[in-house]
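A structural walkthrough
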Amino acid sequence: MCGVHIFVALRIQISNKMEKFYITTPIYYVNDRPHIGHAYTTIAADVLARFWRTRFGDEKVWFLTGTDEHGAKIEQAARKAGKSSQALADEISEAYRFLWKELGLTPNDFIRTTEPRHERAVTAFLLRLKEAKTPRGREAIFEGEYKGLYCTGHEAFLKESELEKGLCPDHKTKPELVKEKNWFFRLSDYEKVLREKISRGEFVIKPVSRKNEVLKFLEQGLEDIAISRPNVKWGIPVPFDLSQTIYVWVDALINYVSAVGYSQNRVQFEKWWPADLHLIGKDILKFHCVLWPALLLAVELPLPQKIFVHGYFTLDGQKISKTIGNVIDPVELSHRYGNDALRYFLLREIPFGEDGDFSESKLKQVYNGELANGWGNFVARVAALGENAGKIKIPDIVTFHQIINEVPEEFVRLLDNLEFSNALEFVWQEIHQHDKELQDEALWKEGDKTVLHERLLHKAEFILWANNLLQSFLPEAYEKVKAKFTVRGNKLSIIKGEPLFPRI
Ligand code: MSP
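A brief report on the enclosed structure follows.

What counts and how
Residues numbered from 1 in each chain as written. Predicted model: local features only at pLDDT ≥ 70, side-chain atom pairs only at ≥ 80, totals over all residues. Heavy atoms only, no water. Pairing = 2+ DSSP bridges. Helix = DSSP H or I, 4+ residues; strand = E, 2+ residues; numbered from the N terminus. Contact = heavy atoms within 4.5 Å. Axes fitted to C-alpha atoms, helices over the stretch in contact; angles between N-to-C directions. Salt bridge = Lys/Arg side-chain N within 4 Å of Asp/Glu carboxyl O. Buried < 20%, exposed > 50% of the residue type's maximum accessible area, 1.4 Å probe, protein only. Near = heavy atom within 4 Å. Polar contact = N/O pair within 3.5 Å; in protein donor to acceptor, adjacent residues only side chain to side chain. Areas by Shrake-Rupley, 256 points an atom, 1.4 Å probe, with all protein chains shown as cover. Nonpolar A, V, L, I, M, F, W, Y, C, P; charged D, E, K, R; others polar. 1 Å grid on protein atoms, 1.4 Å probe; cavity = no way out; pocket = protein on both sides within 12 Å on 5 of 7 lines; lining within 4 Å. Points joined across faces, edges and corners; volume = space filled by probe spheres on them. Arc of directions from axis to C-beta. Phe/Tyr/Trp six-rings, centres within 6.5 Å; stacked < 30°, edge-to-face > 60°. Lys NZ or Arg CZ within 6 Å of the ring centre and 35° of its normal.

1. With respect to the sheet that holds strand 8 (residues 225–226)
The strands that make up a sheet pair up through hydrogen bonds in the backbone, lying either parallel or antiparallel. In space, the 4 strands of this open sheet follow the order 5-4-6-8, with antiparallel pairing throughout. A strand with exactly one partner marks an edge of an open sheet, and here the two such strands are strand 5 (156–158) and strand 8. Examined bridge by bridge, strand 4 (residues 141–151) and strand 6 (residues 176–185) share 10 bridges and lie antiparallel to one another. Among the inter-strand pairings, F142 is bridged to a residue of strand 6, identified as F184. Sitting on the sheet, helix 12 (residues 285–298) is in contact with strand 5, strand 6 and strand 8, with an inclination near 35° to strand 6.

2. A word on the pattern of salt bridges
Applying the stated criterion across every chain, the model contains 32 salt bridges. K436 serves as the salt-bridge partner of D440, at 3.1 Å between the closest nitrogen and oxygen. With D440 and K436 both in helix 18 (residues 420–441), this residue pair falls 4 residues apart, about one helical turn. As far as the burial class goes, D440 and K436 line up, both exposed. Among the charged side chains, a salt-bridge network with shared partners connects K192, E196, K197, R200 and E202.

3. Digging into the site of the ligand
I27, T41, D68, G281 and D283 are the nearest of the 24 residues found near the ligand. With respect to the ligand, the backbone of G37 contributes an N or O atom lying 3.4 Å from a nitrogen atom. Within the side chain of Y312, one N or O atom sits 3.3 Å away from a nitrogen atom of the ligand. When the ligand sits alone it has 670 Å² of accessible area, and the protein chains cover 94% of it. Of all the secondary-structure elements, those providing two or more residues to the shell around the ligand are strand 1 (21–29), helix 3 (36–56), helix 9 (248–253) and helix 10 (255–258). Taken together, the residues of the shell around the ligand sort by class into 13 nonpolar, 9 polar and 2 charged.

4. So, empty space enclosed by the protein
Here the structure, examined in full by the defined rule, presents 1 cavity of 30 Å³ or more. Quantified by volume, the largest cavity comes out at close to 40 Å³. The wall of the largest cavity is formed by H70, G71, Y150, E155, R229, V232, W234, T245, I246, Y247 and V248. Tallied by class, the residues present in the lining of the largest cavity amount to 6 nonpolar, 3 polar and 2 charged.

5. Observations regarding helix 16 (residues 397–405)
Those residues of helix 16 not exposed but buried are F400, I403 and I404. End-on view of helix 16: buried residues confined to an arc of 90°, all on one side of the axis. One side-chain oxygen at the N-terminal end of helix 16 lies 3.3 Å from the backbone nitrogen of V398; it belongs to D396.

6. Quick notes on the environment of G37
Mapped onto the elements of the fold, G37 is located in helix 3. In this structure the C-alpha to C-alpha distance between G37 and H401, which are 364 residues apart in sequence, comes to 39 Å. Sequence-distant contacts of G37, that is, excluding residues within four places in its chain, are made with F313 and I320.

7. Some thoughts on the sheet that holds strand 7 (residues 204–206)
Taken in spatial order, the 6 strands of this open sheet run 3-2-1-12-13-7, and their pairing is parallel. Single-partner strands in this sheet number two, and they are strand 3 (109–112) and strand 7. Averaged over all pairs of adjacent strands, the angle between strand axes in this sheet comes to 20°, irrespective of strand direction. The pairing of strand 7 with strand 13 (residues 306–310) spans 3 bridges and is classified as parallel. Along strand 13, the bridge assignment pairs V204 with K306. Against the sheet, helix 3 engages strand 1, strand 2 (61–68), strand 12 (277–281) and strand 13, with an angle of about 165° to strand 1. Its contacts with the sheet place helix 5 (residues 85–102) against strand 1, strand 2 and strand 3, and it is angled at close to 165° to strand 3.

8. A few points about the packing of aromatic side chains
Aromatic ring pairs are described here by two measures, namely the spacing of the ring centres and the angle between the planes. Across all of its chains, the model carries 35 aromatic pairs by this definition. Look at Y28 and Y96: their rings are 5.3 Å apart centre to centre, the planes differ by 5°, and that puts the pair in the stacked class. Here the residue Y28 occupies a position in strand 1, and Y96 occupies one in helix 5, the gap between them amounting to 68 residues. For Y28, a relative accessible area of 6% translates into the label buried. With a centroid separation of 5.7 Å and 55° between ring planes, the pair formed by Y96 and W100 is classed as tilted. In this pair, Y96 and W100 both sit in helix 5, 4 residues apart, roughly one turn of the helix. Take Y96: its relative accessible area is 0%, and that puts it in the buried class. Three or more aromatic residues joined by ring pairs form one cluster here, namely Y40, F308, F313, F345, F352, F358, F420 and F473. Against the face of F240 rests K130, its NZ or CZ located 5.2 Å from the ring centre. A cation sits over an aromatic face here: R229 above Y150, 4.2 Å from the ring centre.

Without other data, these values stay purely geometric and don't point to any function.
As structure tokens, this is what we get:
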């Protein structure tokens, strides 16, 4: 009847290689409230975490998110808001936590960089770094003086050549001329080893275009980097020089290891590290693909398995920004369209990795088209026929369960590559085919009961199969579908129930 049977015999190979899945999102700055851009990354991570939980079991998946709370950017935002840095951090961090809960996301842990467990790990990491030697046998950390242009928005020094009319091209602000004594990390000594590891595929950066971007950047040569700030008070003290605080990017990157017990819980740390996937936006590519692996190499920790860099999206063609005034509250969107629709839309509409545009009118279109009139309507029609048909006998219950639980290899491959939109398209091809069959069969006309039951059984089988594949994208609809098609013993009961996606 459909492609389902073809997959029964296929064995999943990709998943067997991995024994666990540790996935992270960036930890978000607490200078401002979360917006749809932050939700994008965290929703994508949630889809993957849910998917791999269904493959490996809950105890084999660790999904980490959190907030990045130190540094000059937060200090300044707090001053502007007339609050202490701690009070602002508490408030915004809570807003993130609340948002993830409202959106139905399922992180296993939420780390704040102001937590003692993180501060302890950062301190230990820095002490280890102080002892480290670079691949060229030099000390990884040294003291020096730095003069440069600091952009607080980026929390990074910019080169003169990167400015546009003296302003930071992203933040449109004038960077501050800073001349100070700092501790430096000898990043330049890691250029060759990073190039080798990336080229050989030992350290995977995806998509390939981003990998090439990093390789090109490395070819231009790396400069050593200041990793402490004498004039920023809101930070973790440098353990070997208490007059300085640790550069916020070094502090922040360490969250990926501190959250899984670095320097504090060896068993937990060995279970999860290295991360299987750091999910990030393209804005923070260099920090993750150059600075982070170099720091890890210096302290002799394994590198993350893979970094996936997604694109940026605009809102109705414009940059999402407070100044433009186009920031949409994701909580509001989720109340209007539901969590499933929001996650489905974000991952269906923009090919993951590419830039895109978000607009509420497109969200509405996809909601009505693919969800309400598409999947929702298809399920509703079968459920309506099923409710009138009474209990349906399942002749071969073992095969029935095999069919509905089969996960096609191609689908796993697509999700393993983070090709969300293609994974959904894969399911859609099947839905279209079954939808057409349903039209052609005209089951609502009077007919033979045995034939009707047989056809309905096939339809239910297909719906439960597709529902399993859609589960990590549409977790709320998944439960609703399961409640409509229930199996007890060898009997299938179907009820119409509530629509999956009420028309808006
Ligand atoms: N605190 C740092 C990250 C430290 S990770 C060790 C930071 N925080 S942030 O709050 O600015 O978050 C940036 C991330 O938010 C991006 O990398 C991306 O994941 C997400 N996005 C923010 N705006 C976005 C869009 N407009 N589009 C897509 N993703 C966006 O950088």
